[in-house]
Amino acid sequence: AIPVISNGNIVTFDNVQSCLDATNAAAVMSAEWLRRNPALFFGGKQICAFQMVQEYLELLESDPCPLSFVKSHIFKLLGTVDGGFNHHAELRERMGKASTLHEVIETVTLLR
């Protein structure tokens, strides 16, 4: 038998089991929503988006990546959470204009 992996619209942990039940797939995968919630497959446990951003910023010290990636990831993580960029347009604009990692960190600090 060839294992089938389902993909598409896995937004919450509840969607994982619903998808498996409906499709009998061996597994599910998610791409876009994992950028918004890297803890998606963490058993449904809610993890603070700001905590994930802090851990992400700490990982950048040992594993740097282009600033455009950093900003994109942070926009996804903090775009729609309570207290995130959706509530602070001026900080969203500031993040968009940030040209250094230091400016990104400062903006995240102001957002918290």
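What comes next is a walk through the structure. The structure presented is a predicted model; accordingly, all values stated were derived computationally and were not measured.

**Brief notes about unusual backbone geometry**
Phi is positive for asparagine 24, which is not a glycine, with a value near 60 degrees. The exposure class of asparagine 24 is exposed, given its relative accessible area of 68%.

**Description of the pattern of salt bridges**
Charged atoms that come close allow side chains of opposite charge to pair. Counted under the stated rule, the structure contains four salt bridges. For lysine 97, the salt bridge goes to glutamate 93, with nearest N and O atoms at 2.9 Å. Here lysine 97 pairs with glutamate 93, and both are found in helix 5 (residues 89-97), just four residues apart, close to one helical turn. Overall, the relative accessible area of 47% leaves glutamate 93 in the partly exposed class.

**Brief notes about the packing of helix 4 (residues 67-78) against helix 6 (residues 101-111)**
Where helix 4 meets helix 6, the axes come as close as 10 Å, and the angle between the chain directions of the two elements is 10 degrees. Between helix 4 and helix 6, the crossing angle belongs to the class labelled roughly parallel. You can see that helix 4 and helix 6 cross each other, and the crossing is left-handed. For the pair formed by helix 4 and helix 6, the contact residues are Leu67, Val70, Lys71, Ile74 and Leu78 on the first element and Leu101, Val104, Val108 and Leu111 on the second. Of the residues belonging to the contact of helix 4 with helix 6, the class tally is eight nonpolar, no polar and one charged.

Parameters at a glance
Residues numbered from 1 in each chain as written. Predicted model: local features only at pLDDT ≥ 70, side-chain atom pairs only at ≥ 80, totals over all residues. Heavy atoms only, no water. Buried < 20%, exposed > 50% of the residue type's maximum accessible area, 1.4 Å probe, protein only. Salt bridge = Lys/Arg side-chain N within 4 Å of Asp/Glu carboxyl O. Helix = DSSP H or I, 4+ residues; strand = E, 2+ residues; numbered from the N terminus. Axes fitted to C-alpha atoms, helices over the stretch in contact; angles between N-to-C directions. Parallel < 35°, antiparallel > 145°, perpendicular 65-115°, else oblique. Left-handed = near helix turned anticlockwise from the far one by under 90°. Contact = heavy atoms within 4.5 Å. Nonpolar A, V, L, I, M, F, W, Y, C, P; charged D, E, K, R; others polar.

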